[in-house]
Amino acid sequence: MTTSADANNNAEVRVPDTKLAREATELVRESTSELIYHHSRRVYFFGSLQGRNRDLSFDPELLYIGAMFHDLGLNERFHTSGRRFEVDGADEARRFLQAHGVPEDSVRRVWTAIALHTTPGIPEFMEPEVALVTAGVEYDVLGIGYVDIPTKERERIVALHPRPDFKKRVLGAFTDGIRHKPETTFGNVKADVLQHYVPGFQRGDFVRTILDSPWAE
């Protein structure tokens with residue numbers, strides 16, 4: 001499958017036409033909701049365009065795998081894992097890539113891209129694939145850098161992968177994916193989600209944790 005300006009009128013961004021990319025697409029489409037599938041595809045397209053804007057040289061296949069797996073950890077089977085959903089998704093991507101004989105350095109890049117995609121201020125200084133998964137997520141979810149991509153290109157991507165009522169629906173998906181393991185939100189942006197949508201949630205307090213630690217001094 002190739003998605004390009006010629007094939008789908010989509011801003012000269014191509015989904016790698018490889019067995020690895022095709023199988024990743026199949027896996028994600030079958031195991032996640034339409035909401036997460038379309039969001040993940042947009043993350044790839046927007047991340048790629050931001051890579052172009054930043055003049056970054058990146059491996060499209062690795063960026064695609066990172067984008068497609070980045071929210072896989074929200075799936076129901078991970079609700080009781082006790083790990084951050086980002087790590088669950090990163091681990092799934094690692095297993096998938098290792099099963100396909102992908103070199104370990106490439107596996108590490110994808111794992112890191114997924115694990116850090118909700119940790120702002122760090123990925124942008126790392127390898128392009130790591131930086132651009134986060135850039136795609138920030139663009140699609142938060143609107144960061146919104147004007148960096150021309151309106152026509154943005155509209156073509158959204159026409160291909162629509163986002164009806166996306167803001168509320170993705171917040172619902174985040175809530176459902178992490179409400180069963182609230183302790184994993186300590187120190188990261190997902191605590192804000194539970195604060196808004198889960199009655200009785202009490203976010204961790206870094207200062208309180210220090211003051212209440214077992215150290216006497």
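In this report, the structure presented in the accompanying data block is examined. (Residues numbered from 1 in each chain as written. Predicted model: local features only at pLDDT ≥ 70, side-chain atom pairs only at ≥ 80, totals over all residues. Heavy atoms only, no water.)

Turning to the layout of surface pockets, a few remarks are in order. A volume near 440 Å³ is recorded for the largest pocket. Around the largest pocket, the lining comprises 23 residues; the ones closest to its centre are Val141, Leu142, Phe174, Val189 and Lys190. Looking at the lining of the largest pocket, the elements that each hand over two or more residues are helix 7 (128-142), helix 9 (166-178) and helix 10 (190-197). The class makeup of the residues in the lining of the largest pocket is twelve nonpolar, six polar and five charged. (1 Å grid on protein atoms, 1.4 Å probe; cavity = no way out; pocket = protein on both sides within 12 Å on 5 of 7 lines; lining within 4 Å. Points joined across faces, edges and corners; volume = space filled by probe spheres on them. Helix = DSSP H or I, 4+ residues; strand = E, 2+ residues; numbered from the N terminus. Nonpolar A, V, L, I, M, F, W, Y, C, P; charged D, E, K, R; others polar.)

Taken together, the side chains of Phe186, Phe206, Val207, Ile210 and Leu211 make up a nonpolar region of the molecular surface, amounting to roughly 530 Å² of accessible area. Mapped onto the secondary structure, Ile210 falls in helix 11 (residues 206-211). (Patch = residues over 30% accessible without salt bridge, like charges linked within 9 Å, V, L, I, M, F, W, Y side chains within 5 Å. Areas by Shrake-Rupley, 256 points an atom, 1.4 Å probe, with all protein chains shown as cover. Salt bridge = Lys/Arg side-chain N within 4 Å of Asp/Glu carboxyl O.)

Considering all chains together, one arrives at five aromatic pairs under this definition. Taking the centre distance of 5.1 Å and the plane angle of 90° together, the rings of Tyr44 and Tyr64 count as edge-to-face. Of the two residues, Tyr44 is situated in helix 3 (residues 34-53) and Tyr64 in helix 4 (residues 60-69); the sequence distance between them amounts to 20 residues. A single burial state applies to Tyr44 and to Tyr64, both of which are buried. For the ring pair Phe69 and Phe96, a centre distance of 5.2 Å and an interplane angle of 40° mean the geometry is tilted. Here Phe69 is found in helix 4, whereas its partner Phe96 is found in helix 5 (residues 85-99), with 27 residues between them in sequence. Across the pair, exposure class does not vary: Phe69 and Phe96 are buried alike. The ring centre of Phe166 lies 4.7 Å from the NZ or CZ of Arg42, which sits over that ring. Its end group placed over the ring of Tyr146, Arg154 keeps NZ or CZ at 3.9 Å from the ring centre. (Phe/Tyr/Trp six-rings, centres within 6.5 Å; stacked < 30°, edge-to-face > 60°. Buried < 20%, exposed > 50% of the residue type's maximum accessible area, 1.4 Å probe, protein only. Lys NZ or Arg CZ within 6 Å of the ring centre and 35° of its normal.)

This part takes up helix 5. Compared with the 21 Å implied by 1.5 Å per residue over 15 residues, the 21 Å span of helix 5 between its first and last C-alpha is a close match. Residues of helix 5 that are buried: Phe85, Glu86, Asp88, Gly89, Ala90, Asp91, Glu92, Ala93, Phe96 and Leu97. Those residues of helix 5 that are buried lie in contact with helix 2 (19-31), helix 4, helix 6 (104-115), helix 9 and helix 10. Gly101 occupies a position one or two residues after helix 5 and carries a positive phi of about 70°. (Expected span 1.5 Å × (residues − 1). Contact = heavy atoms within 4.5 Å.)

If you want to describe how two helices pack, look at the angle between their axes and the distance between the axes. Between helix 5 and helix 6, the least distance of the axes is 8 Å, while the angle of their chain directions is 160°. Looking at the two axes, helix 5 sits roughly antiparallel to helix 6. As helix 5 packs across helix 6, the resulting crossing turns out to be right-handed. Here Glu86, Val87, Gly89, Ala90, Asp91, Ala93, Arg94, Leu97 and Gln98 of helix 5 come into contact with helix 6, specifically with Glu104, Val107, Val110, Trp111, Ile114 and Ala115. Class assignment for the residues of the contact of helix 5 with helix 6 results in nine nonpolar, two polar and four charged. (Axes fitted to C-alpha atoms, helices over the stretch in contact; angles between N-to-C directions. Parallel < 35°, antiparallel > 145°, perpendicular 65-115°, else oblique. Left-handed = near helix turned anticlockwise from the far one by under 90°.)

As a further point, take unusual backbone geometry. One non-glycine residue, Asp55, lies in the positive phi region at around 60°. Counting through the fold element by element, Asp55 comes out in the loop between helix 3 and helix 4. For Asp55, a relative accessible area of 70% corresponds to the exposed category. Of note, the phi angle at Asp165 is positive, near 50°, even though the residue is not glycine.

Everything listed is a geometric property; what it means functionally is a separate question.
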